[in-house]
Amino acid sequence: MKDGELDAVDRAILYHLQQDARHTSSSEIADKLDLSSSTIRTRLNALEESGIIRGYHIDIDYDLAGYPLYTKVICTAPVPERDSLAADAREIQGVTAVREVMTGQRNVYVNAIGRDHDDLNRISTELNRLGLEVVDEQLIRDEYVCQYRGFLDEFDGAELSTDE
């Protein structure tokens, strides 16, 4: 990796990690890319140290875990305070993600879970107390995360299967 630019190997590594990082070893990636395991481990370390790989996260089915209500709370924050308010929102119990959006209005999206409507009302009230104006709440049925296939566009190494 040079100056934060990903080459085809780095992108292919990211692609394969997106599929199932927990059950994907550097040896498996090496086999798929026809490279050595040590090369893949070195590349992974560089991707982690550079901050490109920020972590390895689990995908939780909150409904099955006992939190059947999943909502997106759309808020407006004063632009100069957006960063700090978004950071404060992450500390509220039940908040699972916060997204800052580059607009003047509707510029903080908060994902939250709860066992009942009282939980969701408490979270919205706490967001308001922080200084975030709640402008919309959307009850989410489900959310799906998918891998970015563009990481493989320019890989010129071994045959790669996208059916895995």
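Just so you know, the residues in each chain are numbered from 1, in the order the chain's sequence is written. It should be noted that, the model being predicted, local features are given only for residues of pLDDT at least 70 and side-chain atom pairs only at 80 or more, the latter also being counted only at that level, while totals for whole chains, interfaces and linings use all residues. Side-chain figures throughout are based on the complete set of non-hydrogen atoms in the structure, without hydrogens or water.

Description of helix α2 (residues 26–33)
Item 1. Partly exposed describes any residue whose relative accessible area lies between the buried limit of under 20% and the exposed limit of over 50%, with all areas from a 1.4 Å probe on protein chains only and scaled to the type maximum. A run of H or I in DSSP counts as a helix once it spans at least four residues, and a run of E counts as a strand once it spans at least two, with each numbered from the N terminus. Taken together, the buried positions of α2 are Ser26, Ile29, Ala30 and Leu33. Buried positions in α2, seen along its axis, are confined to an arc of 100° and lie on one side of it.
Item 2. Check the buried side of α2 and you find it contacts α1 (8–20) and α3 (37–49).
Item 3. Two residues or fewer after α2 comes Asp34, characterised by a positive phi angle close to 60°. Directions drawn from the helix axis to the C-beta atoms are what define this arc. By definition in these notes, contact holds between two residues if any of their heavy atoms fall within 4.5 Å.

Here we look at the nonpolar core
Item 1. Here, nonpolar core refers to any group of buried Ala, Val, Leu, Ile, Met, Phe, Trp, Tyr and Cys residues whose side-chain atoms link them within 4.5 Å. The biggest cluster of nonpolar side chains holds 15 residues, and the ones touching the most others in it are Ile13, Leu17, Ile29, Leu33, Ile40, Leu44 and Ile53.
Item 2. At the level of elements, α1, α2 and α3 are the ones that each hand at least two residues to this core.
Item 3. When residues of this core are assigned to their parent elements, the largest contribution, six residues, is made by α1.
Item 4. Those residues in contact with Ile13, other than ones at most four positions away along the chain, are Ile29, Leu33, Ile40, Arg43, Leu44 and Leu47.

Concerning unusual backbone geometry
Most peptide bonds take the trans form, and the phi angle of most residues other than glycine is negative.
Item 1. Look at Asp34: it is not a glycine, yet its phi comes out positive at around 60°.
Item 2. The class for Asp34 is exposed, based on a relative accessible area of 63%.
Item 3. Phi is positive for Arg106, close to 50°, though the residue is something other than glycine.
Item 4. Among the secondary structure elements, Arg106 is positioned in the loop between β2 (95–100) and β3 (108–114).
Item 5. Take Arg106: its relative accessible area is 35%, and that puts it in the partly exposed class.

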